[in-house]
Structure formats: C-alpha cells, structure tokens
Amino acid sequence: MLKGGVIMDVVTPDHARIAEDAGAVAVMALERVPSDIRAAGGVARMSDPSMVEGIMAAVSIPVMAKARIGHFVEAQILEALGVDYIDESEVLTPADEANHIDKHAFKVPFVCGCRNLGEALRRVSEGAAMIRTKGEAGTGNVVEAVRQLRTVLAEIRRLAAMRDDELFVAAKELQAPYELVQRVAREGVLPVVNFVAGGISTPADAALVMQIGAEGVFVGSGIFKSEDPARMANAIVQATTHYDDPKILAEVSKGLGAPMRGIPLEAIPEGERLAVRGW
Amino acid sequence: MKIGVLAVQGAFIEHVRTFRSIGVETVEVRLPEHLEGVSGLVLPGGESTAQRRLIDRWGLRAPIERLAESGAPIFGTCAGMILLSREISGGEEPVFPLLDVSVERNAFGRQLDSFEADFDVPMLGTQPVHGVFIRAPIVDRAGPDVDVLARLDDGRIVAVRQRNVIATAFHPELAGETRFHRLVATMAAEHDDPGEGSGRRHHPTRRAGRSA
C-alpha cells in the first residue's frame, strides 16, 4: 500500500534509515543514484545482491530493486533475494531491444516506467502491478515528468469520452490490448497504481505532480544529491501528503538548502535520454 | 453525519469511495481540524511506519485518542490494525493502544506473500468475506475483552473488535466489500444519536410526563 507516499532511491543502509525516518513508504536500493549513473556512463546493471540485502536488513519498509529492461534473469535473482518489488527500469542499460520481462512468470510485483498510456497498458498486459511515468531520471528537472503524466491522464480522459465502437481503433493506435483499453475507458483510471518518477527534486515538484493527478512519487537523485538530505526527504514526504495546502507547502519548503543542481533537458543529447528506453 | 478517513498516506481514497457507494459522507483527515464534527474514523492501509511519522508530525495523535474515548467507531484496515494494537512485534511503540491484541507486522512475509482468501465473518451474516491481504499483519494474541470476528482456515485471527474499535488485517475496501463500512456507519449514527439502551427513548406505551 504505497499510495500517497514517497519512494526514495538509496545507495547505503544509512540512506535507507534516513529515508525511513523521513516517512518514505519504500526505498529503491541501488549502487548509484541516476545522476551518478548518467555521469559515469558505461553499462548500468542490477546492483550487487549483498548491497540490496544490506538495505533490506536496515529498514522495515518495503525495498525495491532495479533490473534491466528485458533482463529476466536479473529479475529472477532479485526475486530469490526476496525484494518487495522489482523495477524494470530504463535507468539501467536495456538488455533486450524488443521484449520486456514477462512479469506474469513472477510472484514478486513489478513496477515499470511509461511515457504514455499505450506504453503503460503494454506493461500492465505483461504483468506490471504498478506504473510510474519515467520523467528524465537524474536531471532534477520535472518537465518530462509533468509532460508524461499529463499525457497519460489526457489519454485516459480521451478514452473515457469515446463511444464503445471507437475503442477498437483507439486500441490499435495506442498499441495496447483492446480489453485493457475498454477497461480504462469504462473506469477512467489505470488498472494499477500510477506514480511519477524522474526529475522530482523539491517539495513543490512533488505537490505539482500530485495536484495534476499522480498517486505517489519516486524521488531519485533529488534527495541524496541535495545539501541536507534528511530535511529534503522529510519535506518531500510532507508535501506529498499536504499537496493541496499551499500554506503547509510554504512551511515545509523553508530553509532546505540547495536542491540538486539539475540539468536542462536541451542539454542532454537525444541519444543519452533515458525515457526513450522501453518499447 | 460524516466519517473521517485518515489521509496522511495509503489507500484512503478507496475507503472514501466505499462510503460514497453506500451514501455516507466522508472527510479526508490530514490535520487535527479536519476531525471536527466527524462521528467515526477510518485508519486505512498503507505503510504504518510512514503513517506513524505523519500522525505525530501533524499532532493527530491526541485528537484521535479523544475521538476514540468519546465512543466514536474507529476502524483500521491492514496498517490501520497495526496502529490500533497495544503490542507490535519487534517491540515497536504502539500508536493508538486501543485494542488489547499483539500483532505481527508483515506476518505473511514480504511483498511476495500478498494473497486473497474467502472466510466467514459470522457477525456479518452467512456470505463469506473476500479478503485482500497485502503485506498483512496478523493477530498473535487477543485479550479477554476482544471479540474475534474472523479467522483464516488455519485459525489465525484476521479481524477483531473491542467495543467501538474494529480492525481487519485485510482490505475490504479493495474487494468491493461494504459490510464493514455499513457497520461503522451504523455505529457512528448511534454514537451521534444514542438510541436503544441509552434510557433516553420512551417506550411507546409510556405516557409523556409519567414515569412508569
């Protein structure tokens, strides 16, 4: 039950405890936060299992870990470790250029990234239990997260307004299974919980996506690349709960020190953008 | 009459929708002032660790305790059950020790062991309840003043009541189950307007102004 909560990237057990103390609902255990992965370049892979286990031992909240897109053996290893969720993540270097992991083959729930409704529904049909928009990880720039969340929600509203006989073509255009398209049109929401990731770096960013319609947020580099991680973590948690109360948002935003520096989107060459990974 | 739903984190919107489906007004509770005028409160599923910190950060503990002491119904699901228990495995400090029970957090293991099951809740009638268990707690011990409302086939306790406090280890609100919410709404209405047993209502055959 992660809804309405904040999931934080952590690289050490100490980080994990800071996140738990701040009120995170889960932590994402990884060796490097996305901004460092971006800086380091090379091939980014699943974290060392002993590092994931160290974090699982440090906190009582759920622990997630990332597998490469399509790398079902990394997922098998993470499931064997007993992680609470697997993130099939574009932040790592994809292992398969056509296929995602068949998530129905696992007992552990998966979270997957998307940029639009079609991608979200393809991931749900593969068995994802949770969706997050990808944003552009490691940038500290919320613009992509906002664009993708608005895209997904607008596409859902568009489906909900369609006649039944228009849904067949809609499914074709979204490249998503008709049954899922029909269900979204009928219910007006995704069949699974819908979080936002990639670029959230202040309490105001978190409240922005919550007001637009996110059900919770992932914060990656935004916490442990800021000047005072414990305060930033706590402030983002408070802002996610009180996203609709500007007075409280003002209070929790005071004196947090410098957020992570951030990168404008135009400064990232097309080939280095992470959000385009996934099919 | 309106029922508060603690909305600091978790699956609170599902409780709001369940109450709406049976025609009961709700208010989302994030600050103490949101509790004014509520006749009952739901503590929803979520991460109890995160919820506990938000409850304390915003000073919700004392006003919720006062609401419970007034006799208003308090209904906790999953993490809400943990928040209501007097003892929590691992020696964690209780939050609202209103139920004389011991609970074990994540009793069915980590996220891998979420499941659904059907079982009887005799108090709610003959139709079984479909329970959704997600990182669910379990009641290890129930004190003498606690009514056990439901057990799994293996005998483990998954729903309890002690006076005005009800808790389930599972999520009725995720399974389209409304009977617990109807019960809470009825208890809240009786809290607002005590009827039978309160001595305030006259027997219809009694004449006004004359004590029998």
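Shown above is the structure to which this text applies.
Because the structure is a prediction, the values reported are computed rather than measured. (Residues numbered from 1 in each chain as written. Chains lettered and ligands numbered in written order. Predicted model: local features only at pLDDT ≥ 70, side-chain atom pairs only at ≥ 80, totals over all residues. Heavy atoms only, no water.)

## What to know about the overall build of chain A
Put simply, the test is: Helix and strand labels come from DSSP, where a helix needs a run of H or I of at least four residues and a strand needs a run of E of at least two; each type is numbered from the N terminus. The globule rule used for comparison is 2.2 Å times the number of residues to the exponent 0.38, while the radius of gyration itself is calculated over C-alpha atoms. For each residue, the accessible area found with a 1.4 Å probe, counting protein chains only, is set against the maximum for its type, and the residue is called buried under 20%, exposed over 50%, and partly exposed in between. Whether two residues are in contact is decided by their heavy atoms, any of which lying within 4.5 Å being enough. Accessible surface area values rest on a Shrake-Rupley calculation with a 1.4 Å probe, where residue burial reflects the displayed protein chains alone. Positive residues here are Lys and Arg, negative ones are Asp and Glu, while His and the chain termini are left out of the count. One atom stands in for each charge, and that atom is NZ of Lys, CZ of Arg, CG of Asp or CD of Glu.
Scanning chain A from terminus to terminus reveals 12 helices and 8 strands. At 18 Å, chain A has a C-alpha radius of gyration in line with the 19 Å of a compact globule built from 279 residues. Structurally, chain A occupies a C-alpha span of about 55 × 45 × 40 Å along its principal axes. Sorting the 279 residues of chain A into buried and exposed places 59% on the buried side. In chain A, 65% of the contacts between residues at least 6 apart in sequence involve partners at least 24 apart. Taken as a whole, chain A presents about 10,900 Å² of accessible surface, with 51% of it coming from carbon and sulfur. In chain A, the 29 positive side-chain charges and the 38 negative ones have mean positions that sit 3 Å from each other.

## Some thoughts on the overall build of chain B
When you go through chain B residue by residue, the secondary structure sums to 5 helices and 12 strands. The proportion of buried residues among the 212 residues of chain B is 54%. For chain B, the exposed area adds up to about 9,400 Å²; of that, 47% sits on carbon and sulfur atoms.

## Observations concerning the packing of helix α6 (residues 143-160) of chain A against helix α7 (residues 167-174) of chain A
Residues and elements named next belong to chain A. Rules: Interaxial angles span 0 to 180 degrees and are taken between N-to-C directions of axes, which are lines fitted to C-alpha atoms, for helices over the stretch in contact. Angle categories: roughly parallel below 35 degrees, roughly antiparallel above 145, roughly perpendicular from 65 to 115, and oblique for all the rest. Under the scheme applied here, ten amino acids are nonpolar (Ala, Val, Leu, Ile, Met, Phe, Trp, Tyr, Cys and Pro), four are charged (Asp, Glu, Lys and Arg), and all others, including Gly, are polar.
Close contact between α6 and α7 brings their axes to 11 Å; oriented N to C, the two are set at 160°. Looking at the two axes, α6 sits roughly antiparallel to α7. For the pair formed by α6 and α7, the contact residues are E155, R158 and L159 on the first element and L167, A170, E173 and L174 on the second. Residue composition of the contact of α6 with α7, grouped by class: 4 nonpolar, no polar and 3 charged.

## Section: the interface of chain B and chain A
Note the threshold: When two components associate, each loses some accessible surface as probed by a 1.4 Å sphere; the sum of these losses over both components is called the buried area. Any Lys or Arg side-chain nitrogen found within 4 Å of a carboxyl oxygen on Asp or Glu counts as a salt bridge. Polar contact is defined as a pair of N or O atoms within 3.5 Å, subject to the rule that within protein one atom must be able to donate a hydrogen and the other to accept it, and that residues adjacent in sequence are counted only when both atoms are side-chain atoms.
Contacts between the two partners involve 28 residues from chain B and, on the opposite side, 33 residues from chain A. When the two sides are added together, the surface that chain B and chain A hide from each other amounts to roughly 2,400 Å², 53% of it contributed by carbon and sulfur. The interface formed by chain B and chain A includes 4 salt bridges. One salt bridge connects R135(B) with D84(A), and the closest N-O pair in it is separated by 2.8 Å. The interface formed by chain B and chain A includes 15 residue pairs in polar contact (both at pLDDT 80 or more). Only α1 (12-21) and α2 (48-57) of chain B provide two or more residues apiece to the side of chain B that touches chain A.

## Concerning helix α3 (residues 61-69) of chain B
All names here are of chain B. The condition that has to hold: To be clear, the arc concerns the directions from the helix axis to the C-beta atoms.
Three or more residues of α3 are buried, namely P63, I64, L67 and A68. Looking straight down α3, one finds that the buried residues subtend no more than 140° of arc, so they occupy a single side. In α3, the exposed positions that point more than 90 degrees away from the buried face belong to R66 and E69. Those residues of α3 hidden inside the fold are in contact with β1 (2-6), β3 (41-43) and β4 (74-77).

## Description of helix α11 (residues 229-241) of chain A
This is how it is decided: To estimate how far a helix should extend, the number of its residues minus one is multiplied by 1.5 Å.
Here α11(A) spans 19 Å end to end across 13 residues, near enough to the 18 Å set by a 1.5 Å rise per residue. For α11(A), every residue scored as buried is listed here: M232(A), A233(A), A235(A), I236(A), V237(A), Q238(A), A239(A), T240(A) and T241(A).

## Section: the packing of aromatic side chains
Under the convention used in this document: Whether two aromatic rings pair depends on their centres lying within 6.5 Å, for rings of Phe, Tyr and Trp, where Trp uses its six-membered ring; planes under 30 degrees apart make the pair stacked, over 60 edge-to-face, and the rest tilted. In this scheme, the term charge over a ring applies when either NZ of a lysine or CZ of an arginine sits within 6 Å of the ring centre and within 35 degrees of the ring normal.
Evaluated as defined, the whole model comprises 9 aromatic pairs over all chains. A ring pair is formed by F195(A) and F218(A), whose centres lie 5.8 Å apart and whose planes are at 70°; its orientation type is edge-to-face. Here F218(A) lies in strand β8 (residues 217-219) and F195(A) lies in strand β7 (residues 193-196), a separation of 23 residues in the sequence. Aromatic side chains F170(B) and F180(B) sit 5.9 Å apart centroid to centroid with 65° between the ring planes, which places their arrangement in the edge-to-face category. With F170(B) in the loop between β12 (165-168) and α5 (179-192) and F180(B) in helix α5, this residue pair connects regions lying 10 residues apart in the sequence. Taken together, the ring pairs connect F75(B), F115(B), F119(B), F133(B), F170(B) and F180(B) into an aromatic cluster. Directly above the ring of F218(A) sits R132(A), whose terminal nitrogen or CZ lies 6.0 Å from the centroid.

## Things to note about unusual backbone geometry
Even without being a glycine, Q175(A) presents a positive backbone phi close to 55°. Inspection of the secondary structure assignment puts Q175(A) in the loop between α7 and α8 (178-187).

## Quick notes on the pairing of strand β8 (residues 129-133) of chain B
Residue and element names in this part refer to chain B. The line we're drawing: At least two bridges found by DSSP between two strands is the condition for calling them paired.
Counted residue by residue, β8 has 4 buried out of 5 residues, so it is predominantly covered. Where strand β7 (residues 115-119) meets β8, 5 bridges bridge the pair, whose relative direction is antiparallel. Its bridge partner being in β8, F115 is matched across the sheet by F133.

## As for the environment of Q175(A)
Residues and elements named next belong to chain A. Given the relative accessible area of 58%, Q175 is considered exposed. Separated by 56 residues in the primary sequence, Q175 and E119 have C-alpha atoms spaced 8.0 Å apart. Excluding its chain neighbours within four sequence positions, the residues that come into contact with Q175 are G118 and R122.

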